[in-house]
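Here is what each chain is made of, one letter per residue.
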Amino acid sequence: MKILVTGGAGYIGSHTCVELLNENYDVVVLDNLSNSSEESLTRVKNITEKSLEFYKADLLNKKQIATVFSEHKIDGVIHFAGLKAVGESVSIPLKYFHNNITGTLNLLAVMNDFNVKNIVFSSSATVYGDPASLPIKEEFPLSATNPYGRTKLMIEEILQDLYHSDKNWNIALLRYFNPIGAHKSGEIGEDPCGIPNNLVPYISQVAIGFLPWLSVFGNDYDTPDGTGVRDYIHVVDLALGHIKTLPKLFTNPGLLIYNLGTGSGYSVLEMIKGFEAASNKKIPYKIVDRRPGDIAACWADPAKAQEELGWKANKTLADMCKDTWNWQKKNPNGYLESL
Ligand code: NAD
Ligand code: UD1
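Residues numbered from 1 in each chain as written. Chains lettered and ligands numbered in written order. Predicted model: local features only at pLDDT ≥ 70, side-chain atom pairs only at ≥ 80, totals over all residues. Heavy atoms only, no water.

Observations concerning the packing of aromatic side chains
Counted according to the given criterion, the structure contains 4 aromatic pairs. Look at F69 and F114: their rings are 5.7 Å apart centre to centre, the planes differ by 35°, and that puts the pair in the tilted class. Of this pair, F69 sits in helix α3 (residues 62–71) while F114 sits in the loop between α5 (93–113) and β5 (118–124), and the two are 45 residues apart along the sequence. Looking at F69, the relative accessible area reads 4%, which means it is buried. Its relative accessible area of 35% is what places F114 among the partly exposed residues. (Phe/Tyr/Trp six-rings, centres within 6.5 Å; stacked < 30°, edge-to-face > 60°. Helix = DSSP H or I, 4+ residues; strand = E, 2+ residues; numbered from the N terminus. Buried < 20%, exposed > 50% of the residue type's maximum accessible area, 1.4 Å probe, protein only.)

Spelled out as structure tokens, the structure:
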């Protein structure tokens, strides 16, 4: 089976490539490297001692996508490629709509032309907006609070319309909660550009000494310690969720929707403690105002994925912190040093 991984050089994509190769899938990666480095793929090959095909190509260029499909008999696509910074999406929404929506439309049109109708799409818990209750189930109402989230919601709707128009499509919408951690080798991990926006990459850069302290965005939420609560999931567990989805996708199930989360929430203060224990470093922090647009708490009900895919997240918070720290220590400047 040959899988095309769009965005395969990125954080979640590179971890998924490792697990795909471990399961003996043939892997073709398409990535424009706008938020990643080809070094991640070199390391994927080193970890697995297997090879993959890489195309430096852009989803905004239909010809480049078609070249990949004409040179390979693709059985299915895992579609990670997209821009993902929430704040940036608020300042430059057109870029986000163009890249994420037009890019996906181009991909789907080429897949249609080549009669490849199996796709796994990277959605996000952001499509639940501010949930009325917890844990979040797949049938909860959906909404978007920023342009990034709207691209996820719109692509989910586009894919559903496509399925309703042609039942030969098999489509899995995977709604990720908060991916963190890194491969246990410390060879691949999250390599944010500039100052990180997300909590764990930020903590990690405080621990290594690049940033002086962490701003904790609010301690007056209606949560046990007042700080925001999230469902952090180890990126390798998340990658394995894709591996469990593929065999199901190839049974012609039509439309599938799953939450990929652990089912447990941790607060910002708990994450700081977890990271301090893993790194043996003090993480200085200051309580500041809430970040606009943040919700108090968010965690998944992952039961559907367990029942239907036999998938469950197994790694603990200690694993997530330990593996993040291992990656950060081994690669203080991310992939930059190897280039
Ligand atoms: P990432 O930025 O590390 O990876 C995305 C990859 O897509 C990058 O390598 C980038 O170069 C590539 N890309 C972007 N636009 C492209 C285009 N037009 N053509 C070709 N390649 C393009 O991000 P990630 O964290 O690995 O996220 C992967 C997917 O999962 C994204 O769609 C993201 O929205 C989604 N997601 C991520 C998170 C998270 O917290 N990381 C949470 C929920 C959903
Ligand atoms: C963010 C995005 C969300 C996206 C998700 C995964 C926003 C508003 N939401 O979610 O759309 O799907 O990333 O990429 O950006 N925190 C701090 N200090 C920091 C950073 C974060 O206290 O410096 C807190 C936040 O207030 C939150 C928690 O840590 O309570 C997690 O934040 P973050 O890692 O940014 O993820 P989300 O806000 O869940």
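Considering the sheet that holds strand β9 (residues 229–230)
Strand order in the open sheet formed by 3 strands is β12-β9-β14, with mixed pairing between adjacent strands. The open sheet has two edge strands, β12 (266–267) and β14 (297–298), and neither has a second partner. Where β9 and β12 come together, 2 bridges link them in antiparallel fashion. Bridge pairing in β12 links R230 to Y266. (Pairing = 2+ DSSP bridges.)

Considering the pattern of salt bridges
Going through the model one piece at a time under the given rule, you end up with 10 salt bridges. In this structure, the salt-bridge partner of K137 is D301, at a minimum N-O distance of 2.8 Å. You can see K137 sitting in the loop between β5 and α6 (147–165) and its partner D301 sitting in the loop between β14 and α10 (303–309), a full 164 residues away along the chain. Its salt-bridge partner being E156, residue R175 comes within 2.7 Å of it at the nearest N-O pair. In this pair, R175 is assigned in strand β6 (residues 170–176) and E156 in helix α6, connecting sequence segments 19 residues apart. The burial state of R175 is the same as that of E156; both residues are buried. (Salt bridge = Lys/Arg side-chain N within 4 Å of Asp/Glu carboxyl O.)

Quick look at the sheet that holds strand β3 (residues 53–56)
Note: strands within a sheet are paired through backbone hydrogen bonds, in either parallel or antiparallel orientation. Across the sheet, which stays open at both edges, the 7 strands sit in the order β3-β2-β1-β4-β5-β6-β11 with parallel pairing between neighbours. With one partner strand each, in any of the chains shown, β3 and β11 (255–260) form the two edges of the open sheet. Going across the sheet, the axis of each strand differs from the next one's by a mean of 20°, ignoring polarity. Examined bridge by bridge, strand β4 (residues 76–79) and β5 share 3 bridges and lie parallel to one another. Directly across from H79, in β5, lies its bridge partner F121. Seen against the sheet, helix α1 (residues 11–22) touches β1 (2–6), β2 (26–31), β4 and β6 and runs at an angle of roughly 165° to β2. Along the sheet, helix α8 (residues 235–249) contacts β1, β4, β5, β6 and β11; its crossing angle with β6, the most-contacted strand, is approximately 160°. (Axes fitted to C-alpha atoms, helices over the stretch in contact; angles between N-to-C directions. Contact = heavy atoms within 4.5 Å.)

Remarks on helix α11 (residues 317–330)
Over its 14 residues, α11 runs 20 Å from end to end, which matches the ideal 20 Å to within 8%, given 1.5 Å per residue. Those residues of α11 that fall on the buried side of the exposure criterion are L317, M320, C321, D323, T324, W325, W327 and Q328. (Expected span 1.5 Å × (residues − 1).)

Examining the site of ligand 1
Neighbouring ligand 1 are 27 residues, the closest being I12, D31, N35, S36 and Y148. Within the backbone of F80, an N or O atom sits 2.8 Å from an oxygen atom of ligand 1. About the coverage of ligand 1: the protein hides 95% of its 830 Å² of free accessible area. When contributions to the shell around ligand 1 are tallied by element, the ones reaching two or more residues are α1, β2, β5 and α6. Classifying every residue of the shell around ligand 1 gives 12 nonpolar, 11 polar and 4 charged. (Near = heavy atom within 4 Å. Polar contact = N/O pair within 3.5 Å; in protein donor to acceptor, adjacent residues only side chain to side chain. Areas by Shrake-Rupley, 256 points an atom, 1.4 Å probe, with all protein chains shown as cover. Nonpolar A, V, L, I, M, F, W, Y, C, P; charged D, E, K, R; others polar.)

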